[in-house]
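# Descriptive analysis of the structure
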Amino acid sequence: MKELSLHILDVSENGIQAGADRVRIAVEEARPDNRLRIVIEDNGRGISPDLLRNVTDPFYTTRTTRRVGLGLSLLESAARHCNGSMRVDSVEGRGTKVIAEFEYDHIDRAPLGDMTGTLMSLIIGYPEVAFEYVHRVDDCRFEMKTPEIENMFDGRPVTDPDVFQKLRQILTDISGRIQSIKNHPG
Amino acid sequence: MARLSIDDLKKIKEKTAKETSLREGRAKIKIMVHMGTCGIAAGARDVMNALMDELAESDRDDIRVVASGCMGMCSSEPNVTVEVDGEEPIIYQKMDANKMRQVFMRHVLKGEVQTDFALAKM
């Protein structure tokens, strides 16, 4: 994957395929600690302890179940290549939490990339799922929740062109502000 | 609060009509972008975003865009399935943003199947 945001799209999709109707995506960029952390949490059916042990083995899991496959192993190897790691916590029937950590300034760390594109694809592709997106850069925090967006539009669905245009504007605005924070440290 | 003008009322009427049609599920055309790991790695996100732009511009309320997982044809990803009511679904293969725009404008809006990009009829 060329961008971390593509991993985020992929892993979020795992949760939705596992029946989640709530997905929380958190991106934490802590430059003073030289760390970038991605947390993706869903309330899907979870992974059994047996499967969890082999969750990042692409050959063990790909064709036995649709719950996991190459996706998590790709994210894990991306994290490891950047002196980082990936962890999967899961409780059957409750949901799954994937945490990936990267060394922020590692030369092999892929850029975060087009988060707006990732979020829009998820939100439009799965209108029945509630998404929460939290992005932190050092001490600044941005947050977006799809149910709140729908409330802003009197309950009109996110698939309504007016609503999703507005949503895209909000997300583009967030990523613009994040970029400007990164351009002006301190 | 500002007073409502006739134009405002008209806008509200149009929007409500649009909303109701969405709720009543009048979608006649379903466009499915396959976004498994394979699809995403091959560029399905760009395809999806191009599709959203086209949909917004078309101002049609009977078209539904959905995402779905891998369908087992990873080597021809990104795949897109177009299902028009009463017709056989068409699977398009190796899509990109431009091909998606062409399929939307020709197949979805005008009913001309783009056989050059098609993988199969289901």
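Before any of the text, the structure's been laid out above.
Now for a quick tour of the structure. As the structure is a prediction and not an experimental result, all values here were calculated from the model. (Residues numbered from 1 in each chain as written. Chains lettered and ligands numbered in written order. Predicted model: local features only at pLDDT ≥ 70, side-chain atom pairs only at ≥ 80, totals over all residues. Heavy atoms only, no water.)

Broken down by element type, chain B carries 4 helices and 5 strands. Expressed as a percentage of its 122 residues, the buried residues of chain B come to 43%. Restricting the contact set of chain B to residue pairs at least 6 apart, pairs at least 24 apart contribute 65%. (Helix = DSSP H or I, 4+ residues; strand = E, 2+ residues; numbered from the N terminus. Buried < 20%, exposed > 50% of the residue type's maximum accessible area, 1.4 Å probe, protein only. Contact = heavy atoms within 4.5 Å.)

Under the definition given, this model contains 0 aromatic pairs over all chains. Positioned over the ring face of Y104 of chain A is R109 of chain A, at 4.6 Å from the centre of the ring. The ring centre of F117 of chain B lies 5.4 Å from the NZ or CZ of K99 of chain B, which sits over that ring. (Phe/Tyr/Trp six-rings, centres within 6.5 Å; stacked < 30°, edge-to-face > 60°. Lys NZ or Arg CZ within 6 Å of the ring centre and 35° of its normal.)

Here we take up empty space enclosed by the protein. Residue and element names in this part refer to chain A. Here the structure, examined in full by the defined rule, presents 2 cavities of 30 Å³ or more. Here the second largest cavity is characterised by a volume of approximately 30 Å³. Taken together, the elements giving at least two residues each to the lining of the second largest cavity come down to α5 (115–125) and α7 (161–183). In terms of residue class, the lining of the second largest cavity is made up of 5 nonpolar, 2 polar and no charged. (1 Å grid on protein atoms, 1.4 Å probe; cavity = no way out; pocket = protein on both sides within 12 Å on 5 of 7 lines; lining within 4 Å. Points joined across faces, edges and corners; volume = space filled by probe spheres on them. Nonpolar A, V, L, I, M, F, W, Y, C, P; charged D, E, K, R; others polar.)

Next up on the list: the pattern of salt bridges. Residue and element names in this part refer to chain A. Counted under the stated rule, the structure contains 17 salt bridges over all chains. The partner of D173 in a salt bridge is R177, with the nearest N and O atoms 3.2 Å apart. Of this pair, D173 and R177 both sit in helix α7, 4 residues apart, roughly one helical turn. Residue classification places D173 among the partly exposed residues on the basis of a relative accessible area of 41%. For R177, a relative accessible area of 43% puts it in the partly exposed group. Among the ionic contacts, a cluster of salt bridges with common partners joins E28, R35, R37 and E101. (Salt bridge = Lys/Arg side-chain N within 4 Å of Asp/Glu carboxyl O.)

Before going further, it helps to spend a moment on unusual backbone geometry. Note the cis peptide between E77 of chain B and P78 of chain B, where omega equals -10°. Secondary-structure assignment places P78 of chain B in the loop between β2 (63–68) and β3 (80–84). Positive phi, close to 55°, is recorded for N34 of chain A, a residue that is not glycine. Summarising the element assignment, N34 of chain A is placed in the loop between β1 (22–30) and β2 (35–42). Residue class for N34 of chain A comes out partly exposed when judged on its relative accessible area of 26%. Backbone geometry at D138 of chain A places phi at a positive 50°, although glycine is not the residue there. Take D138 of chain A: it is sitting in the loop between β5 (130–137) and β6 (140–145).

Residues and elements named next belong to chain B. The buried count for β3 comes to 4 of 5 residues, which makes it a mostly enclosed element. Of the pairings in the sheet, the one linking strand β1 (residues 29–34) to β3 comprises 5 bridges and is antiparallel in character. Across the sheet, I31 pairs through a bridge with V82, a residue of β3. Where β3 and strand β4 (residues 90–92) come together, 3 bridges link them in antiparallel fashion. Note that in β4 the partner of V82 across the bridge is I90. Two successive antiparallel strands, β3 and β4, enclose a turn made up of 5 residues, where G86 displays a positive phi of approximately 80°. (Pairing = 2+ DSSP bridges.)

With that out of the way, let us pick up the packing of helix α3 (residues 44–58) of chain B against helix α4 (residues 97–110) of chain B. Residues and elements named next belong to chain B. At a minimum axis distance of 8 Å, the contact between α3 and α4 shows a crossing angle of 40°. For the element pair α3 / α4, the angle class is oblique. Once α3 is placed against α4, the crossing between them reads as right-handed. Of the residues in α4, those touching α3 at D46, V47, A50, L51, E54, L55 and S58 are A97, M100, R101, F104, M105 and L109. (Axes fitted to C-alpha atoms, helices over the stretch in contact; angles between N-to-C directions. Parallel < 35°, antiparallel > 145°, perpendicular 65-115°, else oblique. Left-handed = near helix turned anticlockwise from the far one by under 90°.)

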